Amino acid sequence: MINEELVDVFKALSHPIRIDILDHLKSQPLTTGELSEKYDVSRYAIMKHLGVLVDAKLVTIRRKGRLRVNYLNVIPLQELYNRWVSKYEAPHANSLLAIKNLVEEREGNKMEQTKEIKIDSFHIEQEIVIQAKKETVFKALTEDISSWWHFRVGEKDSKLILEPKLAGRFYEDWGNGEGALWGNVMYYKRNEEIRLNGLLGMSGSVNSSYSYKLIEDGDRTVLQLSHQAVGILEPHWEEAHRHGWNELLAENLKKFVEQK
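Remember, it's a predicted structure, so these values are computed and weren't measured experimentally.

**What about the confidence of the model for the protein chain?**
Item 1. Per-chain confidence: the protein chain averages 86 in pLDDT, with 85% of residues scoring 70 or above.
Item 2. Across the protein chain, the element-wise mean pLDDT spans from 56 in helix 6 (residues 89-112) up to 97 in helix 7 (residues 134-142).

**Re the sheet that holds strand 4 (residues 120-130)**
Item 1. A sheet is described by the order of its strands in space; here seven strands give the open sequence 4-10-9-8-7-6-5, paired in antiparallel fashion. Edge positions in the open sheet fall to strand 4 and strand 5 (159-162), since each of these has one partner strand only. Across the sheet, the mean angle from the axis of one strand to that of its neighbour is 20°, orientation sign disregarded.
Item 2. The pairing of strand 4 with strand 10 (residues 220-231) spans eleven bridges and is antiparallel. Paired with Gln126 across the bridge in strand 10 is Leu225.

**Focus on the nonpolar core**
Item 1. In terms of nonpolar packing, the biggest core is built from 38 residues, with Trp148, Trp149, Phe170, Tyr212, Trp245 and Leu253 touching the most fellow members.
Item 2. Here this core takes seven residues from helix 9 (residues 237-258), the largest share from any one element.
Item 3. Among all residues touching Trp148, those that are not within four sequence positions of it are Ala140, Leu141, Leu248, Leu249, Asn252, Leu253 and Phe256.
Item 4. Counting residues in hydrophobic clusters, the runner-up holds 20 residues, among them Val9, Tyr39, Leu50 and Val59.

**What about the sheet that holds strand 2 (residues 59-64)?**
Item 1. Reading across the sheet, the three strands line up as 1-3-2 and stay open at both edges, with antiparallel pairing between neighbours. With partners counted over all chains shown, the strands left at the sheet margins are strand 1 (30-31) and strand 2, one partner each.
Item 2. Examined bridge by bridge, strand 1 and strand 3 (residues 67-72) share two bridges and lie antiparallel to one another. Within strand 3, the residue paired with Thr31 across the bridge is Val69.

**Some words on the pattern of salt bridges**
Item 1. A full pass over the atoms with the stated rule returns ten salt bridges.
Item 2. Residue Arg169 pairs with Glu163 through a salt bridge whose shortest N-O separation is 2.8 Å.
Item 3. Its relative accessible area of 17% is what places Glu163 among the buried residues.
Item 4. Where Arg195 meets Glu193, a salt bridge forms, and the shortest distance between an N and an O atom there is 2.8 Å.

**Focus: the packing of helix 7 against helix 9**
Item 1. Their axes nearest at 10 Å, the elements helix 7 and helix 9 cross at an angle of 125°. Judged by the inter-axis angle, helix 7 sits oblique to helix 9. Seen from above, helix 7 lies across helix 9 with right-handed handedness. Within the contact between the two elements, helix 7 uses Thr136, Val137, Ala140 and Leu141 and helix 9 uses Leu253, Phe256 and Val257.
Item 2. Considering only residue class, the contact of helix 7 with helix 9 consists of six nonpolar, one polar and no charged.

**Some words on the pairing of strand 8 (residues 193-197)**
Item 1. Judged from the five bridges that link them, strand 7 (residues 178-189) and strand 8 form a sheet pairing that is antiparallel. Along strand 8, the bridge assignment pairs Val185 with Leu196.
Item 2. The loop that links strand 7 with its antiparallel partner strand 8 comprises three residues; one of these, Asn191, has a positive phi angle of about 65°.
Item 3. Where strand 8 lies against strand 9 (residues 206-217), five bridges are found, and the strand directions are antiparallel. Paired with Asn197 across the bridge in strand 9 is Ser209.

**What to know about the environment of Ser208**
Item 1. On the secondary structure map, Ser208 appears in strand 9.
Item 2. Taking C-alpha positions, Ser208 is 9.9 Å from His123, a pair spaced 85 residues apart along the chain.
Item 3. Aside from chain neighbours lying at most four places away, what touches Ser208 is Leu196, Asn197, Gly198, Leu199, Met202, His227, Gln228 and Ala229.
Item 4. In terms of polar contacts, Ser208 uses its side chain to reach the backbone carbonyl oxygen of Gly198, at 2.7 Å.
Item 5. Within the structure, Ser208 has its side chain in polar contact with the side chain of His227 (distance 2.9 Å).

**Observations concerning the packing of aromatic side chains**
Item 1. In the structure shown here, the tally under the stated rule is nine aromatic pairs.
Item 2. On the numbers, 5.6 Å between centres and 50° between planes, the contact of Tyr210 with Trp245 is tilted. Linking Tyr210 in strand 9 with Trp245 in helix 9, this pair joins segments that are 35 residues apart in sequence.
Item 3. Joined through ring pairs, the aromatic side chains of Trp148, Trp149, Phe170, Trp182, Tyr210, Tyr212 and Trp245 make up one cluster.
Item 4. Positioned above the aromatic ring of Tyr171, the side-chain terminus of Arg169 is 4.2 Å from the ring centre.
Item 5. The side chain of Arg195 reaches across the aromatic face of Tyr187, ending 3.9 Å from its centre.

The rules behind the values
Residues numbered from 1 in each chain as written. Predicted model: local features only at pLDDT ≥ 70, side-chain atom pairs only at ≥ 80, totals over all residues. Heavy atoms only, no water. pLDDT = per-residue confidence, 0-100. Helix = DSSP H or I, 4+ residues; strand = E, 2+ residues; numbered from the N terminus. Pairing = 2+ DSSP bridges. Axes fitted to C-alpha atoms, helices over the stretch in contact; angles between N-to-C directions. Core = buried A, V, L, I, M, F, W, Y, C linked by side-chain atoms within 4.5 Å. Buried < 20%, exposed > 50% of the residue type's maximum accessible area, 1.4 Å probe, protein only. Contact = heavy atoms within 4.5 Å. Salt bridge = Lys/Arg side-chain N within 4 Å of Asp/Glu carboxyl O. Parallel < 35°, antiparallel > 145°, perpendicular 65-115°, else oblique. Left-handed = near helix turned anticlockwise from the far one by under 90°. Nonpolar A, V, L, I, M, F, W, Y, C, P; charged D, E, K, R; others polar. Polar contact = N/O pair within 3.5 Å; in protein donor to acceptor, adjacent residues only side chain to side chain. Phe/Tyr/Trp six-rings, centres within 6.5 Å; stacked < 30°, edge-to-face > 60°. Lys NZ or Arg CZ within 6 Å of the ring centre and 35° of its normal.

In structure tokens, the structure reads:
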């Protein structure tokens, strides 16, 4: 993250309403009208605050008909964390966080046993800027995916393959005809967009789809991720996938492409 982008992020976080907006968007995406209803200020003032958050890339916008839907984009915050939390402190902090999450998850599971099963959904939108042409980024998303996608179902040294074609498979090859399917390509336009269906670590009665869209901006490429899931979802899955995408795109893919 260059210094100018850092300034934009800190500027965006300098106002309590903007911080509060990010807290609301962490729970779910909201239209501009829905956000305006939560504050005793004008809709125009909320739109100005959203403009600052968009400029800092902390909020991404998707339009659904006449509605403007706002999504939290946590990648700039993840980049701040990566910049100033040392590699020695991070594992310790992550270990403590893992213990905290395990305890809370166990307590949550006890409570969930008394609740009825219900259909739920989540929708994740993230945007990351990569200092490379979109052809280079697209190649990394397809031909080189095994080099930066570090999540594995089987052995750590297994190979990931994304077949670059309509109905192609995204799968983990363990050798000897064994492996795990991560997804299937539902839409494929070279150097522009890929859409896939795949559970991505979830299981059971779930329909999950995700897409990458590439927009070239000079010597940079804006990668837009969209991930939607609906079905019988565990409470922690949305946060786990939000964090997982941050790790894969903001850390692994970006570093892999920009250091080549």
